[in-house]
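Below are the chains, spelled out letter by letter.
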Amino acid sequence: MRHLIPAALAACCALAPAPAAAQWTSSRVDGHAPIGVMGDHRHERGEVMLSLRYMPMEMEGSRVGTRTIPDAEIISATGRNFMVTPTQMSMTMVMGGLMWAPSDRLTLMAMVPWLDNSMDHITRAGGAFTTTSSGLGDVAASALVGLGTWGNQSAHLNLGVSLPTGAITAMDVLPTSNGTEVQLPYPMQLGSGTYDLRPGVTWLGQARGWSWGVQGIGTVRLGENDRGWTQGNRLDATAWLGVPLMRDLSVSLRGAASSWGDVEGVDAAASVNPMVVPTARTDLRGGTRIDAGVGVNWYVHRPSGLRLAAELLRPLYQDLHGPQLETDYTLVVGLQVVPVH
Ligand SMILES: [Cu+2]
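This one's a predicted model, so the numbers in the text were calculated from it and none came from an experiment.

Observations regarding the overall build of the protein chain
Within the protein chain, the regular secondary structure consists of two helices and 17 strands. Taking 2.2 N^0.38 as the reference for a compact globule, 341 residues should give roughly 20 Å; the C-alpha atoms of the protein chain span a radius of gyration of 22 Å, in line with that estimate. Across its three principal axes, the protein chain shows a C-alpha extent of roughly 70 × 40 × 35 Å. Across the 341 residues of the protein chain, 39% fall into the buried class.

What about unusual backbone geometry?
In this model, glycine 322 is joined to proline 323 through a cis peptide bond whose omega is 15 degrees. Unlike most non-glycine residues, asparagine 81 shows phi in positive territory, near 65 degrees. For asparagine 81, the location among the structural elements is in the loop between helix 2 (71-74) and strand 3 (84-100). Unusually for a residue other than glycine, asparagine 178 sits at a positive phi of about 50 degrees. Inspection of the secondary structure assignment puts asparagine 178 in the loop between strand 8 (171-173) and strand 9 (181-183). Under the C-beta neighbour-count criterion, asparagine 178 is labelled exposed, with 8 such atoms within 10 Å.

Some remarks on the environment of leucine 320
Its location among the elements puts leucine 320 in strand 17 (residues 306-340). In this structure, the C-alpha to C-alpha distance between leucine 320 and tryptophan 260, residues 60 residues apart in sequence, is 9.6 Å. Apart from the residues lying within four places of it in its own chain, the contact partners of leucine 320 are Arg63, Gly65, Gly287 and Glu326.

Some words on the pairing of strand 3
The pairing of strand 1 (residues 48-65) with strand 3 spans 13 bridges and is classified as antiparallel. Bridging across to strand 3, tyrosine 54 finds its partner in valine 94. Connecting strand 3 to the antiparallel partner strand 4 (residues 106-123) that follows it, the hairpin turn spans five residues.

Some details on the nonpolar core
Core analysis: the largest hydrophobic core is formed by twelve residues, namely Ala33, Val37, Met38, Met49, Met99, Met109, Met111, Ala140, Leu144, Trp212, Trp240 and Val338. Secondary-structure elements contributing two or more residues to this core are strand 4 and strand 6 (140-150).

Re the pairing of strand 1
Along any regular strand, the residues point their side chains to alternate faces of the sheet. Two elements, strand 1 and strand 17, share twelve bridges in a ladder whose sense is antiparallel. Residue pairing across strands places arginine 53 opposite glycine 334, the latter belonging to strand 17. In terms of strand pairing, strand 1 meets strand 2 (residues 67-69) through three bridges, oriented antiparallel. Pairing of valine 64 across the sheet is with arginine 67, part of strand 2. Linking two consecutive strands that pair antiparallel, namely strand 1 and strand 2, is a turn of one residue.

Thoughts on the environment of alanine 110
Note on placement: alanine 110 falls in strand 4. What makes alanine 110 partly exposed here is the crowd of 13 C-beta atoms within 10 Å. In sequence terms alanine 110 and glycine 160 are 50 residues apart; their C-alpha atoms lie 9.3 Å from each other.

Focus on the environment of threonine 288
Residue placement: threonine 288 occurs in strand 16 (residues 287-301). Of the residues examined, threonine 288 has 15 C-beta atoms within 10 Å and is grouped as partly exposed. As a C-alpha pair, threonine 288 and tyrosine 317 span 29 residues in sequence and 8.0 Å in three-dimensional space. Not counting chain neighbours up to four residues away, the residues in contact with threonine 288 comprise Ser258, Ser259 and Asp319.

About the thresholds
Residues numbered from 1 in each chain as written. Predicted model: local features only at pLDDT ≥ 70, side-chain atom pairs only at ≥ 80, totals over all residues. Helix = DSSP H or I, 4+ residues; strand = E, 2+ residues; numbered from the N terminus. Rg over C-alpha atoms; globule rule 2.2 N^0.38 Å. Buried ≥ 20, exposed ≤ 12 C-beta atoms within 10 Å, placed from the backbone. Contact = placed C-beta atoms within 7 Å. Pairing = 2+ DSSP bridges. Core = buried A, V, L, I, M, F, W, Y, C linked by C-beta atoms within 7 Å.

The values reported here are purely geometric and, on their own, carry no functional implication.
Written out as structure tokens, the structure reads:
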């Protein structure tokens, strides 16, 4: 059975190069995926890896479906008839990661995100204001379970769970709240408020002068949070190519597709009226986006496993339940080190 799966895949998957004599190895500079991919590689028994990622994401302007819509139309009485619209949002995530391999087959991984959000708005009355939220996001833990390594190919399951450690009652002052803090709409919250399953699969391959990988991961929300709503489920699929330019430096090209659902239920205590601003509407949260990314991996110091990597992603396609803010770019800069071999 273990040998039938790769045989069947190799037979039908045109991307897979003919098996070479070399064994797949994470010690190649392109043995780690572009830095925006999580849970792409396993470690050898006893190894510990620490990582830190800095991930700013910028959103400006809104879309309805695939069409951009002017902010003025969103707040016009003859347009979408909202009183307020977001014009811009900056989301910065700093994420610490820990990987540890109790065996060659199993690598355990924990990720701890810190979020910093800022959203600018304009109002029909001609005003402008900004809201912010920051704090711990949803901590995730996962097991990367090896399916096997067959020559120059390797595959594992990603069995993850996300914990509801991020706040879902983040507050700030609004122009209409007379100086008191009120609960912010859904996109400014820091977590889902639910336990989420994150099942997936990762398949990797290496040839002499290049490498490839594909990964698909779902996010399934379990039940509803204690405010009575559920963030939409999501699906993330990505594929990449890596090319070593020299022994310790590689570049990458990646495509990433994401699809996520609307909010189900409603925060009964939400202080913002969904008639006022699109961000308070549960049915204007979902969408689909396809990003293209270019990245670089640098093996700075092999004895300590020190790597420095960066990746820039720009959307090729966005289809949003809107008006909803569109993404302009995502940058990921990361550092990885292996203090225990
Ligand atoms: Cu690692």
